[in-house]
Amino acid sequence: MDIDNKARIHWACRRGMRELDISIMPFFKHEYDSLSDDDKQLFIRLLECADPDLFNWLMNHGRPEDEALFRMIKLIQNRNKARGPVEM
């Protein structure tokens, strides 16, 4: 997926679980444009993971073996926490 195709990435952010939508959608909306191109690629790679894995990782019930994906999970968690509650 092209890092500049925001419509496609936005669609990929929509998950089947509300808990994931609450974490991923605001991060995309408020943080994606400020990411480096490498981090945008990493975010897209994270979106290709299965929902149960994403849920477990974002809820701290495990972590990806890939350190880069783990770094992106932590970035999402930290930026969402720092920003506080937002409208989806």
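For the structure itself, consult the block above.
Thresholds applied
- Residues numbered from 1 in each chain as written.
- Predicted model: local features only at pLDDT ≥ 70, side-chain atom pairs only at ≥ 80, totals over all residues.
- Heavy atoms only, no water.
- Core = buried A, V, L, I, M, F, W, Y, C linked by side-chain atoms within 4.5 Å.
- Buried < 20%, exposed > 50% of the residue type's maximum accessible area, 1.4 Å probe, protein only.
- Helix = DSSP H or I, 4+ residues; strand = E, 2+ residues; numbered from the N terminus.
- Contact = heavy atoms within 4.5 Å.
- Salt bridge = Lys/Arg side-chain N within 4 Å of Asp/Glu carboxyl O.
- Axes fitted to C-alpha atoms, helices over the stretch in contact; angles between N-to-C directions.
- Parallel < 35°, antiparallel > 145°, perpendicular 65-115°, else oblique.
- Left-handed = near helix turned anticlockwise from the far one by under 90°.
- Nonpolar A, V, L, I, M, F, W, Y, C, P; charged D, E, K, R; others polar.

**Here we look at the nonpolar core**
Formed by 25 residues in total, the largest nonpolar core has its most connected members in Ile9, Cys13, Ile24, Tyr32, Phe43, Leu46 and Met72. Among the secondary structure elements, those contributing two or more residues to this core are α1 (6-13), α2 (18-31), α3 (37-47), α4 (51-58) and α5 (67-83). Leave out the neighbours within four places in its chain, and Ile24 touches Cys13, Arg15, Phe43, Leu47, Leu54 and Leu58.

**Brief notes about the pattern of salt bridges**
A full pass over the atoms with the stated rule returns seven salt bridges. Salt-bridge contacts for Arg15 lead to Asp51; the nearest nitrogen and oxygen are separated by 2.7 Å. Of the two residues, Arg15 is situated in the loop between α1 and α2 and Asp51 in helix α4; the sequence distance between them amounts to 36 residues. Residue class for Arg15 comes out buried when judged on its relative accessible area of 15%. Look at Asp51 and you get partly exposed, because its relative accessible area is 21%. The partner of Arg83 in a salt bridge is Glu31, and the shortest N-O contact between them spans 2.6 Å. On the criterion of sequence distance, the pair formed by Arg83 in helix α5 and Glu31 in helix α2 is long-range, its members being 52 residues apart. Among the residues examined, Glu31 registers a relative accessible area of 12% and is labelled buried.

**Brief notes about the packing of α2 against α4**
One way to put it is that α2 packs onto α4 with a least axis distance of 10 Å and a crossing angle of 65°. Overall, the two elements α2 and α4 adopt an arrangement that is roughly perpendicular. Of the two possible hands of crossing, α2 and α4 adopt the one that is left-handed. Residues Glu19, Leu20, Ser23 and Ile24 of α2 touch α4, and the partners they reach there are Asp51, Leu54, Phe55 and Leu58. Here the contact of α2 with α4 is composed, by residue class, of five nonpolar, one polar and two charged.

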